2 protein chains.
Amino acid sequence: MSKIDKSLLSGSTSMLVLALLRESDKYGYQMITELALRSDNTFELKEGTLYPVLHALEKDGALKSYDKQAPNGKTRKYYSITKKGLELLDEKTEQWNTFAKAVNSTLMVKGTV
Amino acid sequence: MSKIDKSLLSGSTSMLVLALLRESDKYGYQMITELALRSDNTFELKEGTLYPVLHALEKDGALKSYDKQAPNGKTRKYYSITKKGLELLDEKTEQWNTFAKAVNSTLMVKGTV
DNA sequence: TGACATACCTCGGACATCAAGGTATAATCT
DNA sequence: AGATTATACCTTGATGTCCGAGGTATGTCA
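Per chain, the residues get numbers from 1 upward, laid out in the order the sequence is written. To label them, take the chains in the order written and letter them from A, then take the ligands in the order written and number them from 1. Where totals are concerned, whole chains, interfaces and linings use all residues; where local detail is concerned, this predicted model gives features only for residues with pLDDT of at least 70, and gives and counts side-chain atom pairs only at 80 or more. Based on all heavy atoms of the structure, the side-chain values leave hydrogens and waters out of the count.

(A) A look at the overall build of chain A. Counting secondary structure elements, chain A contains five helices and three strands. Comment: elements are numbered from the N terminus, with helices defined as DSSP H or I runs of at least four residues and strands as E runs of at least two. Scanning chain A from its N terminus toward the C terminus, one meets helices and strands in the order α-α-β-α-α-β-β-α. When the backbone C-alpha atoms are referred to their principal axes, chain A occupies close to 60 × 30 × 20 Å. Put simply, chain A has 113 residues, and 43% of those count as buried. Any pair of residues with heavy atoms lying within 4.5 Å of one another is described as a contacting pair. When contacts within chain A are restricted to residue pairs at least 6 apart in sequence, long-range pairs at least 24 apart make up 50% of them. When the accessible surface of chain A is split by element, carbon and sulfur atoms take 54% of a total near 6300 Å². Taken as two groups, the 17 positive and 14 negative side-chain charges of chain A have centres that lie 2 Å from each other. Accessible area is worked out with a 1.4 Å probe on protein chains only. A residue is then buried under 20% of its type maximum, exposed over 50%, and partly exposed in between. Computed with the Shrake-Rupley method and a 1.4 Å probe, the accessible areas treat only the protein chains shown as cover for residues. Positive charge is attributed to Lys and Arg, negative charge to Asp and Glu, and no charge count is given to His or to the chain ends. By convention, charge coordinates are those of NZ in Lys, CZ in Arg, CG in Asp, or CD in Glu.

This is the structure:
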């Protein structure tokens, strides 16, 4: 439903990807559809955004990839999160919580609570 | 304290500015110090970011500005939020809530509560 | 006098997002 | 059989945001 300003997404994309992979290994295309599904289409992550992010995370050692044949014959590139990736996720989650709290308290300047 | 990834801020800057101005008219320099204070230094809005944002919001009709002499002799440029700005703030706030909810639900994929 | 705080501003680089394009295979529709 | 759609990967170029670094100017304080 609700389309949100894409710029809000900025910086949180890699966090969301890491969060998805903490659950289980996934391949790129799957992450896009899953994110859209779970967020009720709030996130419509684009391929042009995701793939570079995945490559960067892998280069940083936060992810590892392996190819796997799908039942339909297509080759899928699965990603799994590493120990380093889990640590990065923790960091980013903490930052997110701090950020969200600060935004909310700023938005409520009217003291309306 | 906690420095957060500046990219998280992306897109929310104008929302925060509008929120501050909903409370009362303020001048640029003041917004920077107030935001830092209120957010416990989570937001360290830079001048190079703020001033262009203010100019853009004014150009869009969301803000109006007027000069006012400060007791210390310096001329301050105060901004006040317009009806259009209030509507914009409502929009952005709603988007923010949607976004934050979606992020949180994605982060909790483990079902850990 | 020099240093610092206040108060405004702009420019250029760095980075993230995404539209648009590309490649290739398989399934489905006409 | 041919066309379209879905799956699945990728890159490039344009755009937009943020900020470091610089500039201007006034007032205060040592």
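From this point on, the discussion continues.
(B) View of the protein's contact with DNA strand C. Consider each residue's heavy atoms; a residue with any of them within 4 Å of a molecule or strand counts as near. Neighbouring DNA strand C are 21 residues; Thr13 of chain A together with Tyr27, Tyr29, Glu47 and Arg76 of chain B lie closest to it. Those atoms of DNA strand C that come within 4 Å of the protein belong to sugar or phosphate at a rate of 69%. Pairs of N or O atoms are called polar contacts if they sit within 3.5 Å, as long as, within protein, a hydrogen donor faces a hydrogen acceptor (for residues adjacent in sequence, only side-chain-to-side-chain pairs). Thr49 of chain A has a polar side-chain atom sitting 2.9 Å from a phosphate oxygen of DNA strand C. Counting residues per element, the ones that place at least two in the surface near DNA strand C are helix 1 (6–9) and helix 4 (47–59) of chain A together with helix 3 (28–38), helix 4 (47–59) and strand 3 (75–81) of chain B. For the surface near DNA strand C, the leading source of residues is helix 4 of chain B, giving four residues.

(C) Structural detail: the relation of the copies chain A and chain B. The least-squares superposition of copies is restricted to C-alpha atoms, and to residues with a pLDDT of at least 70 in both copies. Once chain A is rotated about the relating axis by 180 degrees and shifted along it by 0.0 Å, it coincides with chain B to within an RMSD of 0.0 Å. Such a combination of turn and shift is consistent with a two-fold rotation axis. Rotation axis and chain A: the residue whose C-alpha lies nearest the axis is Ser10 of chain A, separated from it by 3.0 Å. Take the interface residues of chain A: 100% of them recur as interface residues in chain B, which is what a same-surface contact looks like.

(D) Spotlight on the side chain of Ser12 of chain A. Residue position: Ser12 of chain A is located in the loop between helix 1 and helix 2 (13–23). A polar side-chain atom of Ser12 of chain A sits 2.5 Å from the main-chain carbonyl oxygen of Leu9 of chain A. If near-sequence neighbours (up to four positions away) are discounted, Ser12 of chain A is found in contact with Leu8 and Phe99 of chain B.

(E) Summary view of the protein's contact with DNA strand D. Near DNA strand D there are 21 residues, and of these Tyr27, Tyr29, Glu47 and Arg76 of chain A together with Thr13 of chain B occur at the shortest range. The sugar-phosphate backbone supplies 67% of the atoms of DNA strand D found within 4 Å of the protein. Contact between DNA strand D and Gly11 of chain B: a phosphate oxygen at 3.3 Å from a main-chain N or O atom of the residue. For the surface near DNA strand D, the secondary-structure elements that each account for two or more residues are helix 3 (28–38), helix 4 and strand 3 (75–81) of chain A together with helix 1 (6–9) and helix 4 of chain B.

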